[in-house]
Amino acid sequence: MHEYSIVQSLLDVIEENAKKHNATKVKKIVVKIGVLSGVEPHLLETAFNTFKEKTICEDAEFEMIIQPIVAKCEECGHINRYEQNQIFFECKNCGGVELDVLDGEEMLLMSLELE
Amino acid sequence: MCKDCGCSIVEHNHDHRVENIHANPQLNDSKTIEVITKILDKNDHEAAHNREHFEKHGVLAINLMSSPGSGKTTLLEKLAEVANFKFGVIEGDLETNRDAKRLQEKGIEAYQIQTGSACHLDAFMVHKALHHMNLDDIDVCFIENVGNLVCPASYDVGAHLNIVLVSVPEGNDKIAKYPVMFRQADLILFTKTDLLPYFEDYDIEAEKKVARKLKPNVDILEVNTKDINSIKAVANWIEFKKKMRS
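What follows deals with the overall build of chain B. Secondary structure assignment for chain B yields nine helices and eight strands. Once local pairs closer than 6 in sequence are excluded, the contacts in chain B between residues at least 24 apart make up 71%.

What follows is the structure in structure tokens.
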């Protein structure tokens, strides 16, 4: 259960950006959570809604984009997309297992609506 | 209604970048900015700093991760008996400094981090601990993470390599159940393999197959403390990796 630590980092990044843009309030936050990022989206949302109180994000809407795995096959170059909870992946085109994961492993803050 | 600014003029193609055109003060006060920053950006930055610090002192840093009780500290105790390199340990536990003491009794330089309630080490905690380690005296620094197969996987602590342990008594399917962790591994150690005869349902070969499916290029070794050669194999792997970075 490290979602609370992650929310703490998220709030830090948001506050830094809000300050840079002289904002007094954050209205909306959009984050992208990869299915292989090791974070449970539902818990992250709960943690965020608990921790946002008395911060610049107090009234902010929290939007999560869940990012499935996107991986490029190093053998045939095919770009594969795997839906949630699929942990083993081989290339859907050639069956290769050497895959370069392009997306789905990271947690990103995408955009902020500031006031 | 204009979809962009919400004004009531139906037919218009005004440029919203230009200010002062039938301004709606409320709407103009709010703006959406693209950020696209890693949420753990600060941690990653600190981790890079730690890694640089290790490199400056010619130290290979290894993050040891596993569930509680799979044998991380015992492995380090045993390694001290066979390793041809000198190593130190940064220990992470929620409470007590027992693990650091165990290692110090073996003559290993160890510093204990007590995380309180935190379920993982982060780069900042490791940075603080580095102030207490004399890196000039060691070749390898282990960061023994908090026993946990979930949370430590999300945090870069500044190590060069990850070793993940999984012990026979933990049972089948641990690797499939914790894919994020095992995908991080450069080396997976199956520990307590001397107990295999007592865990008849445990299929170590099937577990290895799962590990290789999850991460095709992962190295795998079997370890048990009664077989000193199995510990030597781990030491050799580390020495090899160290040579590859000199």
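Read on, since the account is not over.
It is worth spelling out the overall build of chain A at this point. Counting its secondary structure elements, chain A contains two helices and six strands. Taking the principal axes of its C-alpha atoms as reference, chain A extends roughly 50 × 30 × 15 Å. Residues classed as buried in chain A amount to 32% of the 115 residues present. Taking the contacts inside chain A whose residues are at least 6 apart along the sequence as the reference set, 69% of them involve residues at least 24 apart.

Turning our eyes to something else, we now look at the interface of chain B and chain A. Counting residues at the interface gives 28 residues for chain B, matched by 30 residues for chain A. Every element with two or more residues in the side of chain B that touches chain A is listed here: β1 (31-38), α2 (41-56), α7 (179-183) and α8 (204-214) of chain B. It is β1(B) that contributes the most residues to the side of chain B that touches chain A, eight residues altogether. Classifying every residue of the side of chain B that touches chain A gives 15 nonpolar, six polar and seven charged. Of the strand pairs in this sheet, strand β6 (residues 107-114) of chain A and β1(B) are connected by six bridges, and their pairing is antiparallel. Bridge pairing in β1(B) links A:Leu108 to B:Lys38.

Residue and element names in this part refer to chain B. At a minimum axis separation of 8 Å, α2 and helix α5 (residues 123-130) run at an interaxial angle of 30°. Here α2 lies roughly parallel to α5, going by the angle between them. You can see that α2 and α5 cross each other, and the crossing is left-handed. Here α2 contributes Asn 43, Glu 46, Ala 47, Asn 50 and His 53 to the contact with α5, which in turn contributes Ala 123, Phe 124, Val 126, His 127 and Leu 130. When its residues are assigned to classes, the contact of α2 with α5 shows five nonpolar, four polar and one charged.

What holds strands together in a sheet is hydrogen bonding between their backbones, with the strands either parallel or antiparallel. Residue and element names in this part refer to chain A. A sheet is described by the order of its strands in space; here three strands give the open sequence β4-β3-β5, paired in antiparallel fashion. In this open sheet, the two edge strands, each paired with only one partner strand, are β4 (79-82) and β5 (99-103). Each strand axis lies, on average, 30° off the axis of its neighbour in the sheet, ignoring direction. Taken together, the four bridges between strand β3 (residues 69-73) and β5 define a ladder with antiparallel strand orientation. By the bridge assignment, Ala 71 is partnered in β5 with Val 101.

Before going further, it helps to spend a moment on the sheet that holds strand β2 (residues 61-67) of chain A. Taking strand neighbours across the sheet as the criterion, the four strands line up as β2(A)-β1(A)-β6(A)-β1(B) in an open arrangement whose pairing is mixed. Since the sheet does not close on itself, it has two edges, and those belong to β2 of chain A together with β1 of chain B, each with one partner. Across the sheet, the mean angle from the axis of one strand to that of its neighbour is 15°, orientation sign disregarded. Along the sheet, helix α2 (residues 41-51) of chain A makes contact with β1 (26-34) and β2 of chain A, crossing β2(A) at roughly 160°.

A few words now on the nonpolar core. Formed by 87 residues in total, the largest nonpolar core has its most connected members in B:Ile62, B:Cys141 and B:Ile143. Among all residues touching B:Ile143, those that are not within four sequence positions of it are B:Ala61, B:Ile62, B:Asn63, B:Leu64, B:Ile90, B:Leu121, B:Val126, B:Val157 and B:Ala159.

Moving on, we get to the confidence of the model for chain B. Residues and elements named next belong to chain B. Counting all residues, the mean pLDDT for chain B is 90, and 89% of those residues have values of 70 or more. In the model, residues 1-27 has pLDDT below 50 throughout and makes 16 contacts with residues more than four positions away in sequence or in other chains. Under the prediction, the complex receives an ipTM of 0.89, its pTM being 0.87.

Turning our eyes to something else, we now look at unusual backbone geometry. In this structure, A:Asn22 takes a positive phi of about 55° despite not being glycine. Within the fold, A:Asn22 resides in the loop between α1 (3-20) and β1. Backbone geometry at B:Ile36 places phi at a positive 45°, although glycine is not the residue there. As for its placement among the helices and strands, B:Ile36 is situated in strand β1. Judged by the 9 C-beta atoms lying within 10 Å of it, B:Ile36 is exposed.

Rules used in this analysis
Residues numbered from 1 in each chain as written. Chains lettered and ligands numbered in written order. Predicted model: local features only at pLDDT ≥ 70, side-chain atom pairs only at ≥ 80, totals over all residues. Helix = DSSP H or I, 4+ residues; strand = E, 2+ residues; numbered from the N terminus. Contact = placed C-beta atoms within 7 Å. Buried ≥ 20, exposed ≤ 12 C-beta atoms within 10 Å, placed from the backbone. Nonpolar A, V, L, I, M, F, W, Y, C, P; charged D, E, K, R; others polar. Pairing = 2+ DSSP bridges. Axes fitted to C-alpha atoms, helices over the stretch in contact; angles between N-to-C directions. Parallel < 35°, antiparallel > 145°, perpendicular 65-115°, else oblique. Left-handed = near helix turned anticlockwise from the far one by under 90°. Core = buried A, V, L, I, M, F, W, Y, C linked by C-beta atoms within 7 Å. pLDDT = per-residue confidence, 0-100.

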